[in-house]
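# Topology and contacts: notes
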Amino acid sequence: MTRTAITVRRGAGHAELVLLTAAAAWAWVVLRRGDTGSGAMAWDLPAFLGMWTVMMAAMMLPATAPVAALYARTVPVHRTPRMTAFTAGYVLVWSAAGLPAYALAAGAAHIAATHPAAGTAAAAAVFAVNGVYQLSPLKDRCLTKCRSPIGLLLRYAPYRGPSRHLRAGAHHGAFCLGCCWSLMLLFMAFGVMNPWAMVGLAAVVTAEKRLPRGPLVARAVGLASLALALAVFWAPLLAPNLTGGGMTGMTRAYA
């Protein structure tokens, strides 16, 4: 077996570790499904951030596994701790995104519980924002970076110091956040703790990043989201979290 083949195989092995981490996160979500809907967890910021971090790990890591495999090939020694740092940097970015997510979830709960009519308008705005961003040049740029990460990997080569791999993971996570933030905004409409929304959005993210026609998938999702922005006025239950059809723990606390 050649040295190149060994390197590729080891890189694939670290991709498998990333996928196992994602699988563990999905298992946690399924097993703790009842707890994540409780008002106590919804309103406790540390608990919310912990839940959000696990959710994002479950949803985002599968699409990132090929990038992790490529990055692992650039790490000649001590791969496991360094790839752990890379993955931690990536997840840390999504964990930080939990802070605005918490504020938005609280706002959505307040609207659904106290102003149902305004909830429909807010849902339309959420769908419209996602639709417009999905069709924007910035979305295309970030998606291109996520789909073809060779340029990013070359950029990480000059990184030095003990935080090198953490920084590389965070940098890649920032592009990923730039690519997918508007999709995560849809949790406002569907419910932050909605497992079916998690599955659907995770499928969209993976399709955008990994399928040959990923950019076409992104545009199709954008057009569908714009259509939902209009349809929600006739069918408010398309956005149950904002129109009162699917009360989360936060919403129940307001009601």
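Here the structure is shown first, and the text comes after it.
Nothing here was measured: the structure is a model prediction, and the numbers come from that model. (Residues numbered from 1 in each chain as written. Predicted model: local features only at pLDDT ≥ 70, side-chain atom pairs only at ≥ 80, totals over all residues. Heavy atoms only, no water.)

### A word on the packing of aromatic side chains
Following the criterion strictly, the structure yields 5 aromatic pairs and no others. Ring geometry for Phe 127 against Phe 190: centres 5.9 Å apart, planes inclined by 55 degrees, an arrangement best described as tilted. Of this pair, Phe 127 sits in helix H7 (residues 116–134) while Phe 190 is found in helix H11 (residues 187–190), placing the two residues 63 residues apart along the sequence. The class for Phe 190 is partly exposed, based on a relative accessible area of 23%. Ring pairing ties together the aromatic residues Phe 48, Trp 52, Tyr 102 and Phe 187, which thus form one cluster. (Phe/Tyr/Trp six-rings, centres within 6.5 Å; stacked < 30°, edge-to-face > 60°. Helix = DSSP H or I, 4+ residues; strand = E, 2+ residues; numbered from the N terminus. Buried < 20%, exposed > 50% of the residue type's maximum accessible area, 1.4 Å probe, protein only.)

### What about the side chain of Asn 130?
Counting through the fold element by element, Asn 130 comes out in helix H7. We classify Asn 130 as buried; its relative accessible area is 0%. Excluding anything up to four places from it in sequence, Asn 130 contacts Ser 182, Leu 183, Leu 186, Val 221 and Ser 225. (Contact = heavy atoms within 4.5 Å.)

### Regarding the nonpolar core
Met 184 and Phe 187 are the most contacted members of the largest nonpolar core, which totals 68 residues. Sorting elements by how many residues they give to this core places helix H4 (residues 45–72) first, with 17 residues. Setting aside anything within four residues of it in sequence, one finds Met 184 in contact with Trp 52, Met 56, Met 59, Met 60, Trp 94 and Val 205. (Core = buried A, V, L, I, M, F, W, Y, C linked by side-chain atoms within 4.5 Å.)

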